[in-house]
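Read off the chains here:
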Amino acid sequence: MYPLCIPQKNTQTLYIRSDDYEFADGDILYFTVKKQPDNDETDADALISKNWTVGTDAEYDEDGYLTLKLDETETDVDFGEYVYDIKLVNSSVAETLVFGELKILPVSTLR
């Protein structure tokens with residue numbers, strides 16, 4: 001599996017698609033980035049902690065992908081290698097959809 005790569009201090013759109021689940025308005029997707037996995041249920045050590053609600057700030061594009069947007073302040077993390085996951089939560093599901101290595105890439109222009 002390839003790592004997810006995001007240039008430091010840049011906007012980024014993540015795309016999620018499921019063949020066996022149809023996202024519904026009100027579903028919440030949690031994106032968490034940490035230096036390493038841990039058992040802290042508060043995620044207090046998260047470097048990036050973002051959530052989107054389907055139908056509010058997560059919408060389908062014309063190809064059927066759910067778009068999840070990060071802004072440049074949310075990717076303002078020291079460049080390096082981290083771990084991440086995206087978890088779906090609603091009244092009947094709490095499931096990690098995607099997880100793996102994340103690389104915050106160094107860039108020359110930081111303004």
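Please read all numbers here as calculations on a predicted model, not as lab measurements. (Residues numbered from 1 in each chain as written. Predicted model: local features only at pLDDT ≥ 70, side-chain atom pairs only at ≥ 80, totals over all residues. Heavy atoms only, no water.)

Participant: Can you help me understand the nonpolar core in this one?
Facilitator: Counting 23 residues, the largest nonpolar core has Leu-14, Leu-29, Phe-31, Trp-52, Leu-66, Leu-68 and Leu-102 as its most contacted members. When residues of this core are traced back to their parent elements, those giving at least two are β1 (4–7), β2 (12–16), β3 (28–34), β4 (48–53), β6 (66–70), β7 (80–89) and β8 (94–105). The greatest single-element share of this core, amounting to four residues, is contributed by β7. Apart from residues lying up to four places away in sequence, Phe-31 is in contact with Leu-4, Leu-14, Ile-48, Ser-49, Lys-50, Trp-52, Leu-70, Tyr-84, Asp-85 and Ile-86. (Core = buried A, V, L, I, M, F, W, Y, C linked by side-chain atoms within 4.5 Å. Buried < 20%, exposed > 50% of the residue type's maximum accessible area, 1.4 Å probe, protein only. Helix = DSSP H or I, 4+ residues; strand = E, 2+ residues; numbered from the N terminus. Contact = heavy atoms within 4.5 Å.)

Participant: Is there a simple way to explain the side chain of Thr-75 in this structure?
Facilitator: Its place among the elements puts Thr-75 in the loop between β6 and β7. Classification of Thr-75 by relative accessible area gives buried; the value is 0%. Apart from residues no more than four positions distant in its own chain, Thr-75 is found in contact with Ile-6, Pro-7, Gln-8, Lys-9, Asn-10, Ile-48 and Leu-70.

Take it as geometry only, folks, not as evidence of what the structure does.
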